[in-house]
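# Observations on the three-dimensional arrangement
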Amino acid sequence: SSFACVLTETAMPAAPMDEAEDCGHLQGYGDPASKTTRLQEIAAQRELDVKEAKVAKPEAEVRREAEQLIADIGAPMSLTECLSAAETSSWRLALAAEFKRASPSKGDINADLDAAQQALEYTKEGASVLSVLTEPKWFKGTLQDLKDVRLKTQAWAKEQGVRRPACLRKDFVIDEYQVLEAVAHGADTVLLMVSILPQSRLRALIAFSREWGLEPLVEVVTVRELKVALDAGAKVLGVNNRNLHTFELDKQTTALIAKALRETFKIAFGPGHSTKILALSGLSTPEDVQECRDISCSGVLVGETLMRAPDPGAAIVELMGSALSGDAGRGTVGALPVAPGAVIVKVCGVVREEDARCAVAAGANMIGVIFAKSKRGVSVEQAKAIVDVVRRFGERKGVVAAGPRGAALATVEGLAQRCAELRIACKRTPLVVGVFMDQALDEVVETSVAVGLDAVQLHGSEDTAFISELRKRLPHAWVLKVVHLPPRGESDAAGLSEELRSSLTARAALCDALLLDTAVKGSVSGGTGATFDWEVARRVQDEWGVPVIVAGGLSDENVAELVGSAQPYGVDVASGVEDAPGVKNAEKTTAYVKGAKRVRVSA
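First things first, this report covers the structure right here in the doc.

### Re the pattern of salt bridges
Side chains carrying opposite charge are able to pair once their charged atoms draw close together. The tally for this structure, following the rule as stated, stands at 40 salt bridges. Between Arg-376 and Glu-578 there is a salt bridge; the shortest N-O distance is 2.8 Å. Of the two residues, Arg-376 sits in the loop between β14 (366–370) and α15 (380–394) while Glu-578 sits in strand β21 (residues 578–580), which places them 202 residues apart along the sequence. Take Arg-376: its relative accessible area is 5%, and that puts it in the buried class. Linked through salt bridges whose partners overlap, the residues forming this network are Arg-46, Asp-49, Arg-169, Asp-171 and Glu-181.

Structural data, given as structure tokens:
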């Protein structure tokens with residue numbers, strides 16, 4: 001069906017424009033063959049919702065509620081002033097922290113969370129803006145969420161004697177009635193999406209919002225939409241890195257729009273200027289945030305990363321730097337020490353697509369598929385299906401390539417740097433790791449290419465010559481190597497042996513990460529369920545500066561203890577979250593991932 005340019009019968013602007021000019025920027029306008037997109041479907045549903053809402057509660061009543069709320073708890077705050085204040089903070093930009101229970105692209109994210117409590121966590125860590133999804137069908141949001149967030153965070157800020165965050169109604173706003181609803185539920189600003197609004201509607205909604213003291217956040221995705229927004233007088237621009245018609249993510253969109261604003265439209269923005277840009281969607285690492293600082297963004301909106309985080313406060317500190325310590329922009333520089341919530345979490349021995357889906361949804365950074373002889377072995381076809389699941393979740397089409405490794409990186413210090421790079425890579429999108437053990441080099445290379453693996457884990461007695469050759473054959477693959485330790489009780493950490501040190505050092509020069517796993521007589525393929533002395537891992541990291549991923553005997557019941565005591569770079573589980581070999585238990589998997597990431601390590 002072609003997209004009809006019909007949206008609510010409200011006042012047109014003073015200078016009327018013809019329909020082609022009014023609606024020409026809308027997806028599918030003038031194209032009878034154009035199919036309705038998901039975004040247009042949502043907007044059409046919201047139009048029906050508004051009609052129903054007006055019958056249930058006339059506009060005059062909502063207007064009275066809005067006036068009463070302002071009288072009770074205060075007028076909306078200026079979004080521009082809020083962003084300007086954040087530009088002078090140690091972060092140098094605003095964090096717009098979002099509450100959304102679900103989304104059309106990812107389904108349920110964290111459906112049971114309490115909006116006000118989550119928003120309070122955001123506020124305590126320094127969020128300047130609280131974005132609250134109020135669309136009920138696809139995002140499972142409510143207007144009550146918005147009101148609860150405003151009341152709880154305002155009360156806390158008043159107690160603390162600090163500025164409260166601004167509250168954003170994030171929805172598909174097409175009618176003035178929705179702006180009134182927003183004010184009646186405590187909003188300071190509303191989202192207006194150029195992609196679903198004719199120019200006349202956009203202008204009318206901006207003017208109406210300002211009448212009520214709201215400076216709207218006007219969302220654009222393309223340079224054409226940017227022109228429409230500027231012509232309508234928008235001052236605070238949100239650049240969505242996700243095209244909601246296609247749901248495709250392109251993190252370069254914000255930089256592209258910023259360049260057009262500066263060079264094509266000759267408009268200055270950012271600190272000291274009245275025009276502001278916020279980057280929306282797909283931001284998940286300190287490096288993403290730093291890129292936004294570098295192009296003079298006044299804020300970043302982060303939703304899914306914080307909604308999935310077991311500890312949202314720790315996730316904010318990792319993403320933004322501590323609001324108190326002024327270390328903005330540094331992010332997680334080195335692999336060690338491991339910041340709270342920054343531990344790499346791997347779930348290995350995954351055979352079923354649903355188990356991969358469950359693990360990445362819980363927040364796992366790596367999914368391991370085993371090609372060695374194992375009860376958890378997979379075929380190439382099974383592995384390809386798992387790769388597809390992980391790539392879809394991470395919104396990517398190809399492998400995540402490791403960067404070039406110069407001679408300077410062929411050291412223990414180089415390993416620490418590569419571990420930091422690996423953490424960044426698998427924080428942005430989960431990686432798939434193929435596990436091999438004493439298999440022919442050709443087999444490892446051919447399987448990796450056929451499946452589309454991001455990383456190779458060598459679990460046997462592969463020597464440095466083998467690893468060097470593998471590096472040449474698969475230059476873009478991340479390489480992980482296991483070093484086996486005796487089970488707990490058969491050795492002690494007091495004497496970290498020279499043999500262990502030389503083994504780690506030799507491999508450190510060639511690998512992107514090292515795993516310590518338990519060697520049990522008669523079984524070297526992992527999944528033994530036996531632990532080694534975790535003190536070894538702690539001392540290897542503290543005394544030798546070698547980041548390690550700990551495997552062997554981990555489960556949802558003991559992973560938090562390990563992370564709290566040894567603070568490893570990473571953790572790896574296989575049998576500890578299973579009902580049977582290769583059959584993961586969804587509850588245990590989720591508990592394991594969240595247990596590993598929830599621990600705030602002692603200073």
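Continuing now.
### So, the side chain of Asn-558
Within the secondary structure, Asn-558 sits in the loop between β19 (548–550) and α21 (559–566). In this structure Asn-558 comes out as buried when scored by relative accessible area, which is 15%. Only 2.8 Å separates the side chain of Asn-558 from the backbone nitrogen of Ser-555, close enough to count as a polar contact. Beyond its immediate sequence surroundings of up to four residues, Asn-558 is in contact with Thr-531, Trp-534 and Gly-553.

### Concerning the packing of aromatic side chains
Tallied over the entire structure, the rule returns two aromatic pairs. Judged by centre distance (5.8 Å) and plane angle (35°), the ring pair of Phe-139 and Phe-172 falls under tilted. Pair noted here: Phe-139 is in the loop between β4 (129–133) and α6 (143–160) and Phe-172 is in the loop between β5 (166–170) and α7 (176–184), with a separation of 33 residues, a long-range link. Comparing Phe-139 with Phe-172, the two get one shared label, buried. With 5.2 Å between their ring centres and 15° between their planes, Phe-371 and Phe-436 make a pair best called stacked. With Phe-371 in the loop between β14 and α15 and Phe-436 in strand β15 (residues 431–436), the pair connects residues that are 65 residues apart, well separated along the chain. Like Phe-371, the residue Phe-436 is buried in the burial classification.

### Brief notes about the nonpolar core
Membership of the largest hydrophobic core comes to 95 residues, with the highest contact counts inside it found for Leu-95, Leu-202, Val-300 and Met-320. With six residues, α7 is the single largest residue contributor to this core. Non-local contacts of Leu-202, meaning those with residues more than four positions away in its chain, are made with Leu-192, Val-194, Leu-197, Val-218, Val-228, Ala-229 and Ala-232. Among the nonpolar cores identified, the runner-up in size contains 89 residues, and Leu-453, Val-456, Ala-508 and Val-540 belong to it.

### A word on the pairing of strand β12 (residues 299–302)
Remember that side chains alternate between the two faces of the sheet whenever the strand is regular. Along β12, one buried face is formed by Gly-299 and Leu-301 and the opposite face, lined by Val-300 and Val-302, is buried too. With four bridges connecting them, strand β1 (residues 94–99) and β12 associate as parallel partners. Each residue of the ladder has a partner; that of Ala-94, found in β12, is Gly-299. Between the parallel elements strand β11 (residues 276–280) and β12, the chain passes through helix α11 (residues 286–294) in a crossover that is right-handed.

### Side note on the sheet that holds strand β6 (residues 189–193)
Strands sit in the order β1-β4-β5-β6-β7-β8-β11-β12 around a closed barrel of eight strands; the barrel is parallel. Along the sheet, successive strands turn relative to each other by an average axial angle of 25°, direction set aside. Relative to strand β8 (residues 236–240), strand β7 (residues 217–220) runs parallel, the two sharing four bridges. Residue pairing in the sheet places Leu-217 in a bridge with Val-236 of β8.

Calculation criteria
Residues numbered from 1 in each chain as written. Predicted model: local features only at pLDDT ≥ 70, side-chain atom pairs only at ≥ 80, totals over all residues. Heavy atoms only, no water. Salt bridge = Lys/Arg side-chain N within 4 Å of Asp/Glu carboxyl O. Helix = DSSP H or I, 4+ residues; strand = E, 2+ residues; numbered from the N terminus. Buried < 20%, exposed > 50% of the residue type's maximum accessible area, 1.4 Å probe, protein only. Polar contact = N/O pair within 3.5 Å; in protein donor to acceptor, adjacent residues only side chain to side chain. Contact = heavy atoms within 4.5 Å. Phe/Tyr/Trp six-rings, centres within 6.5 Å; stacked < 30°, edge-to-face > 60°. Core = buried A, V, L, I, M, F, W, Y, C linked by side-chain atoms within 4.5 Å. Pairing = 2+ DSSP bridges. Right-handed = clockwise from strand over helix to strand, strands pointing away. Axes fitted to C-alpha atoms, helices over the stretch in contact; angles between N-to-C directions.

Fair warning: the whole summary comes from geometry, so function is off the table for now.
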